[in-house]
Number of protein chains: 2
Amino acid sequence: MDIYEESLKFHKKHKGKLEVTSKVPLDTRYDLSLAYTPGVAEACREIVRNPDAVWDVTSRGNMVAVITDGSAVLGLGDIGASASLPVMEGKCALFKKFANIDAFPLALKTRDIDVFVQTVKEISGSFGAVNLEDISAPRCFEIEERLKNELDIPVMHDDQHGTAVVVVAGIINAFKITGRSFETAKILVNGAGAAGVAIVKALFNFGAKDIIVADSQGIISKERTDLTPIKKKLLETTNVTNVSGSLADGIVGRDVFIGVSVGGALTADMVREMATHPIIFALANPIPEIMPDVAKEAGAKVVATGRSDFPNQVNNVLAYPGIFRGVLDVRAPQITDHMKRAATIALAEYVAVPSVDTVIPDVFDKGVVTAVAKAVRDASRE
Amino acid sequence: MDIYEESLKFHKKHKGKLEVTSKVPLDTRYDLSLAYTPGVAEACREIVRNPDAVWDVTSRGNMVAVITDGSAVLGLGDIGASASLPVMEGKCALFKKFANIDAFPLALKTRDIDVFVQTVKEISGSFGAVNLEDISAPRCFEIEERLKNELDIPVMHDDQHGTAVVVVAGIINAFKITGRSFETAKILVNGAGAAGVAIVKALFNFGAKDIIVADSQGIISKERTDLTPIKKKLLETTNVTNVSGSLADGIVGRDVFIGVSVGGALTADMVREMATHPIIFALANPIPEIMPDVAKEAGAKVVATGRSDFPNQVNNVLAYPGIFRGVLDVRAPQITDHMKRAATIALAEYVAVPSVDTVIPDVFDKGVVTAVAKAVRDASRE
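So, a few notes on the structure that sits alongside this text. Just so you know, these numbers come straight off a predicted model, no measurement behind them.

**Details of helix α14 (residues 320–330) of chain B**
In an α-helix there are 3.6 residues to a turn, and that puts residues three or four apart on one side.
Residues and elements named next belong to chain B.
Then comes step 1: The element α14 is largely enclosed, with a buried count of 9 among its 11 residues.
Then comes step 2: For α14, every residue scored as buried is listed here: Y320, P321, G322, I323, F324, R325, G326, V327 and L328.
Then comes step 3: At the C-terminal side of α14, R331 shows a positive phi close to 50 degrees.

In structure tokens, the structure reads:
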């Protein structure tokens, strides 16, 4: 039986992965009178007297909503709300496991942005933060932006920013090892969806100057006549040397390839056209843009993928548990760029001595969440 | 420190009452590959292949949404969404404790029925059933009706029907003891809100013929010029003898008083005007319409209240855990009148030998949920 069959059997055996339990004893009448009637009325009255008390007397302060519409589920695409539930439950389970955060999955049926935003606003009172998940571009950008403006709790689309935090942390260390800097490195990002757009933004925040972006039709350049508004916007800051053509044209002389696209997109020949000792982050899931051994044979110095069976696994679980732990701890109203930057640096610095095969911390290193959460808390106070 | 102060301290100490935990191990890479990537993709694909698989591979089948807008929180009135959260969390904790049902609290901000209904529809995919809670009349009637029509999962407003199930179960046994029948008993229901309307409906379903309803302005009669649509509708089937005036006028000669109104509404003098050996269900919370000892002194034969410090405690927890357990077990699409009737009879018959002080099972009797759930399951198959 392969892992997929095993997993299906596993899911059926357990009937899903989450349960909601009481944190308090409920065995005696007295227990009930404290937790429920009549005592609970006082907790309600306290919130009436002082609205902020909701953070002290309910579970809200440790509760994250993991919300999707199932339109861009990693590796599976648009499978819809119901079919995305197992992934959402898994995300919630990981929030609890890694950061002791209570997380509840909500898969909304609508594809209407207004309805989506309104629904999240309506239910937001039960939560301390919102993790948007697996929502396709470009809808995900507007949804996240509107919710950030309209909610009074932090909102983060993890596929954008969680990915960007981990990628840039790895890039920081890869630059260290290969003697590069953000200001001078020639970067190519392959993929202009949620992750690609966020990675580009984060790279610029760290001082990058020369980024080319490619999508499935080739390099995003002035020559293109088919660009969506998001991609036109990318053109305002990227491709300053006005390269055009295919990925093979754009990759020539580049120091860094970051792939958030499809398996097999990057060939050994293309790697050989890159600068010396290139950095390859091939993050397509489950098949990377290029296999690590092939990339290394073609001259790559630092290679990262999303897979757990190779070194340098780029996985969002290195970021979102610590980020959300941090914002919940200080009850921050937003997850700011400053906090994401702090999380990125904390993640990079967590690797005391980076090497070609350790530019990113290990997913199972229990200290990561603590370090990232602390960095986010500290950043929230600045 | 009284129970209210104790409870507030208790809520602050625990920071609310609920947590969301993983039902599955997540300690090793292998655990993660089963629960999350890459294995979880198969559970998603299974739902794509067969939509009903969502009931087998996710937690949905055991998950109830406890949803309110905070407009009618028992004993506190309209305190709004946020302040109602401690009560909702308590309800969820009790679902788990009594019936091993996972329950999540959602307190919606809107007072717009369309927005409320749409929001619940949007999030319904994460749940196997919906328990509406503490929503004021008359909005609660339309909301419940619309959601029952538009959702494909069971919906029940517990303040209406859970209350009615327990009350009528108690009435069945009180009739047994006092030699009465639904067909001949003269009944007065004091209160025409959610509970009152549902109790009247349930009494008629059991064959009642003569019910008078009173509200804070007196008997609902043809003479009234201030009746809302709901109360006009009540008039179609109640008050067949066309009594008018105050509660004191209507209570004369009545066999049964059911109070879902305010404390102190029923006096000893009024009880003395009732038929011999009257039945008094004084359910106002926390102060009943009349205290049991006062009622008994005035001649009442069977007295019930909502309080735990007197015999015959009428508490919805005798109904909703078993009802929802039953419908979740068989994945019923609705909670039908037939099922509610079955639950009512099961609850009444659970008291093997009713006496004046035991017309209702004890709240802590562990067999109640089992009996009610079984009755509901059996009813769903008929």
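**With respect to the relation of the copies chain A and chain B**
Then comes step 1: Least-squares fitting of chain A to chain B yields an RMSD of 0.0 Å, with the superposition described by an axial translation of 0.0 Å and a rotation of 180 degrees. Look at the turn and shift together and you get a two-fold axis relating the two. Within chain A, the C-alpha atom positioned nearest to the axis of rotation is that of V20 of chain A, 2.3 Å from it.
Then comes step 2: When you check the interface residues of chain A against chain B, 99% turn up at the interface there too, and the contact is symmetric in its surfaces.

**A few points about helix α5 (residues 80–99) of chain A**
Residues and elements named next belong to chain A.
Then comes step 1: An ideal rise of 1.5 Å per residue puts 28 Å on 20 residues; α5 measures up with 28 Å between its terminal C-alpha atoms.
Then comes step 2: Maximum bend of α5: about 40 degrees, positioned at P86.
Then comes step 3: Where burial is concerned, most of α5 is hidden: 18 out of the 20 residues are buried.
Then comes step 4: The first or second residue beyond α5 is N100, which carries a positive phi of 55 degrees.

**A few points about the packing of helix α6 (residues 113–123) of chain A against helix α7 (residues 139–150) of chain A**
Residue and element names in this part refer to chain A.
Then comes step 1: Look at α6 against α7: their axes get within 10 Å of each other, and the N-to-C directions meet at 35 degrees. The two elements α6 and α7 cross, and the hand of that crossing is right-handed. Taking contact as the criterion, the partners of I113, D114, F116, V117, V120 and K121 in α6 are, on α7, R139, E142, I143, R146, L147 and E150.

**Quick look at the side chain of N312 of chain B**
All names here are of chain B.
Then comes step 1: Within the fold, N312 resides in the loop between β11 (302–305) and α14.
Then comes step 2: Note on N312: relative accessible area 5%, which makes it buried.
Then comes step 3: Within polar-contact distance, the side chain of N312 engages the backbone oxygen of V303 at 3.0 Å.
Then comes step 4: Polar side-chain contacts of N312 include one of 3.3 Å to the backbone nitrogen of T358.

**Points about unusual backbone geometry**
Then comes step 1: A cis geometry characterises the amide bond from N285 of chain A onward to P286 of chain A, with omega recorded as 0 degrees.
Then comes step 2: Its place among the elements puts P286 of chain A in the loop between β10 (279–282) and α13 (292–297).
Then comes step 3: In this structure, the amide linkage connecting T37 of chain B to the following residue, P38 of chain B, adopts the cis form with an omega of -5 degrees.
Then comes step 4: Looking at the element boundaries, P38 of chain B is found in the loop between α2 (29–35) and α3 (40–49).

**A short note on the packing of aromatic side chains**
The description of two aromatic rings rests on the distance between their centres and on the angle between their planes.
Then comes step 1: Tallied over the entire structure, the rule returns 13 aromatic pairs over all chains.
Then comes step 2: Note on F175 of chain A and F182 of chain A: the rings are 4.9 Å apart at their centroids and 65 degrees apart in plane angle, and the pair reads as edge-to-face. When sorted by exposure, F175 of chain A lands in the same class as F182 of chain A, which is buried.
Then comes step 3: On the numbers, 5.6 Å between centres and 35 degrees between planes, the contact of F182 of chain B with F206 of chain B is tilted. Pair noted here: F182 of chain B is in the loop between α8 (158–178) and β6 (186–190) and F206 of chain B is in the loop between α9 (194–205) and β7 (210–215), with a separation of 24 residues, a long-range link. An identical accessibility class is assigned to F182 of chain B and F206 of chain B; each is buried.
Then comes step 4: An aromatic cluster is built from F104 and F127 of chain A together with F104 and F127 of chain B, whose rings are joined through pairwise contacts.
Then comes step 5: When the ring centre of Y4 of chain A is taken as reference, the NZ or CZ atom of R45 of chain B above it lies at 5.0 Å.

Reading the values: the criteria
Residues numbered from 1 in each chain as written. Chains lettered and ligands numbered in written order. Predicted model: local features only at pLDDT ≥ 70, side-chain atom pairs only at ≥ 80, totals over all residues. Heavy atoms only, no water. Buried < 20%, exposed > 50% of the residue type's maximum accessible area, 1.4 Å probe, protein only. Helix = DSSP H or I, 4+ residues; strand = E, 2+ residues; numbered from the N terminus. Least-squares fit on C-alpha atoms with pLDDT ≥ 70 in both. Contact = heavy atoms within 4.5 Å. Expected span 1.5 Å × (residues − 1). Bend = angle between axes of the 7 residues up to and from the residue. Axes fitted to C-alpha atoms, helices over the stretch in contact; angles between N-to-C directions. Left-handed = near helix turned anticlockwise from the far one by under 90°. Polar contact = N/O pair within 3.5 Å; in protein donor to acceptor, adjacent residues only side chain to side chain. Phe/Tyr/Trp six-rings, centres within 6.5 Å; stacked < 30°, edge-to-face > 60°. Lys NZ or Arg CZ within 6 Å of the ring centre and 35° of its normal.

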